[in-house]
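Structural description and commentary
What follows is each chain in one-letter form.
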Amino acid sequence: MRFSTRYSFAIYILTAFTILSSCKSGSVNLFKAATPHEQYQRKLTITGLDKTAMGSLWLNSAAVSLDKALSISIPFKDLGYFSAEKATATAYKFNAIKGQKLTISLNKKPLTGAAIYVDVWHVNANNTKLVASADTLNSNILFDIDESGTFLIRLQPELLQSIEYNLEITSGPSQGFPTRTGLNNIKSYFGDGRHANSRKHEGVDIFGSFRSPVVATADGTIVRVNENNLGGKVVWFRPKNKDYTLYYAHLDEQLVTAGQEVLVGDTLGLMGNTGNAKTTPPHLHFGLYTSSGAIDPLPFINPTIKKSANITASASNLNRTLRTNQNTFLYSSPVISAEKLRTLQTGTILIANSASANWYKAELPDGSMGFVQSNNINQTEKPLQKIKLKAFQTSIYDKPDSAALVKLTLNEAQNVSVLGNFGNYHLISDDKEQVGWIKK
């Protein structure tokens, strides 16, 4: 019966979308610019699928997933599975710093015929701004972080599609490095004290050979070329489409002029020790200025890209009903130092939605979410115990809640297997492999 219902609904979607593809009028403007997720949502609406149980659940899951977004740290790698039997979405929140470039890689199986919609928002006290979106094509999403803060990412597949996905999020610099040397040649950082701590260093000092090239970190325009007491011979450079200016100081020679257009890697000048650096070895003072003043330039040029931890949690447990094998915790983030959301007693039932490093993103029977260490989880094939139900009517619920739907009732004594627990309920199976919840 379940297969028949799902099959009928799939035929309904296929028919509705076929009609939709030939329809070019109506109250919904399908041709207005929209994200892939919004375009799909419009298709559900114009075909009436948003009024069906499955379509309504898909729309609700899109919103609820954002409220349930769990915290992660970048870099992050996640292996997950969306079941065709469910209309679900998954979301995470993370912090990123202005100047970083974020790379989001999402690979899926099957490669074609099924889409996962990806949306990324920047969240602050005033508003939530969409910064990236895609209909996954197994290619990377790259964008610069133009404002530090909290970001949300949501993944949601089309209806009636079973999809396995690999998500990886990494961060790197949004600008190139301003010299031909490297990170190890930075010997003084933003905020270091100067002149007995009477002022703070407003940049980073990158040391190198006398008259070695200093280069443009991006395509852009030379704003100003001049000389001053502190910086000596300096160049001010504005990267294309950015709201900040880069400051190159202590040059021995300037090789560009104001108003000149340059490309990434072009030589702007030669390293020296002019200005107040006359007593120091040759180096480039590299600063970054916004309308609010100097900020740390290191996130903009730091070439170090940290690798995500390998996934060691077993993929065979994904989308399966599991249970804890000892007392453990549900965490807010996949690290031991994260907030403990709740204590899970031995035998607690959960479903593993995805795997990251040695953690599972787990969903409990009441819908709450969190991370559980994978070594604290077992499958449920072997029952915890066998019990005999009493010889009077016993209700078996589809959820561990007396207000839930009753799947069936048992009117005679019967032996059942206890697969796990949640609160005051056992998850059981009988000889006919029917599974449900009974009160303890």
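The rules behind the values
Residue positions within a chain follow its written sequence, with the count starting from 1. Local features in this predicted model are restricted to residues whose pLDDT is 70 or higher, and side-chain atom pairs enter the listing and the counts only when it is 80 or higher, whereas totals over whole chains, interfaces and linings include all residues. To get the side-chain values, all heavy atoms of the structure are used, and hydrogens and water are removed first. In this text, helices come from DSSP runs of H or I with a minimum length of four residues, and strands from runs of E with a minimum of two, each type numbered from the N-terminal end. Residue-level accessible areas treat just the shown protein chains as cover; the underlying method is Shrake-Rupley with a 1.4 Å probe. Helix axes are fitted to C-alpha atoms over the stretch in contact, other axes to C-alpha atoms as well, and angles between N-to-C directions run from 0 to 180 degrees. These descriptions rest on fixed angle ranges, namely under 35 degrees for roughly parallel, over 145 for roughly antiparallel, 65 to 115 for roughly perpendicular, and the rest for oblique. Handedness of a crossing is defined here by the sense of rotation of the near helix relative to the far one, left-handed for an anticlockwise turn of less than a right angle and right-handed for a clockwise turn. Only heavy atoms enter the contact rule, under which two residues are in contact if any of them lie within 4.5 Å. Only Asp, Glu, Lys and Arg are considered charged, only Ala, Val, Leu, Ile, Met, Phe, Trp, Tyr, Cys and Pro nonpolar, and every remaining residue, Gly among them, polar. The buried label applies to any residue whose accessible area, calculated with a 1.4 Å probe on protein chains only, is under 20% of its type's maximum; exposed applies above 50%, and partly exposed to all values in between. Every definition here rests on a 1 Å grid over the protein atoms only: cavities are sets of points where a 1.4 Å probe fits but cannot get out, pockets are open sets enclosed by protein on both sides within 12 Å along at least five of seven lines, and lining residues have some atom within 4 Å of a point. Grid points are joined across faces, edges and corners, and a volume is the space filled by probe spheres set on the points. We define a salt bridge as a side-chain nitrogen of Lys or Arg found within 4 Å of a carboxyl oxygen belonging to Asp or Glu.

1. Focus: the overall build of the protein chain
Scanning the protein chain for helices and strands turns up 4 helices and 34 strands. Counting every atom, the protein chain has about 22,200 Å² of accessible surface; 50% of that belongs to carbon and sulfur.

2. Describing the environment of Leu-111
Locating Leu-111 in the fold gives a position in the loop between strand 4 (100-109) and strand 5 (116-123). Sequence separation between Leu-111 and Tyr-165 is 54 residues; the distance between their C-alpha atoms is 9.9 Å.

3. Section: the packing of helix 2 (residues 36-46) against helix 3 (residues 53-67)
Relative orientation of the contacting elements helix 2 and helix 3 amounts to 150 degrees, with a least axis distance of 11 Å. One element, helix 2, and the other, helix 3, form an angle in the roughly antiparallel class. By crossing handedness, the relation of helix 2 to helix 3 is classed as left-handed. Contact residues: helix 2 offers His-37, Tyr-40, Gln-41 and Leu-44, while helix 3 offers Trp-58, Leu-59 and Ala-62. Classifying every residue of the contact of helix 2 with helix 3 by side-chain character gives 5 nonpolar, 2 polar and no charged.

4. Concerning the side chain of Ser-429
Mapped onto the elements, Ser-429 comes out in strand 33 (residues 425-429). A residue is classified by how much of its surface remains accessible, and Ser-429, at 15% relative accessible area, is buried. Beyond its immediate chain neighbours, meaning those up to four positions away, Ser-429 contacts Val-416, Ser-417, Leu-419, Gln-434 and Val-435.

5. Here we look at the layout of surface pockets
Put simply, the second largest pocket is a space of about 440 Å³. Contributing to the lining of the second largest pocket are 20 residues, with Arg-199, His-201, His-250, Asn-276 and His-285 lying nearest its centre. Those elements giving two or more residues to the lining of the second largest pocket turn out to be strand 12 (199-200), strand 13 (204-207), strand 17 (245-254) and strand 20 (283-290). In the lining of the second largest pocket, the residues fall into 7 nonpolar, 8 polar and 5 charged.

6. Quick notes on the pattern of salt bridges
Overall, the coordinates contain 10 salt bridges when judged by the stated rule. Taking the shortest distance from any N to any O, the salt bridge between Asp-144 and Lys-101 comes out at 2.7 Å. Of the two residues, Asp-144 sits in strand 7 (residues 140-144) while Lys-101 sits in strand 4, which places them 43 residues apart along the sequence. The salt bridge involving Asp-144 is made with Lys-242; its shortest N-O contact spans 2.6 Å. Here Asp-144 is found in strand 7, whereas its partner Lys-242 is found in the loop between strand 16 (232-239) and strand 17, with 98 residues between them in sequence. Counted as one network, the salt bridges with shared partners bring together Lys-101, Asp-144, Asp-146 and Lys-242.

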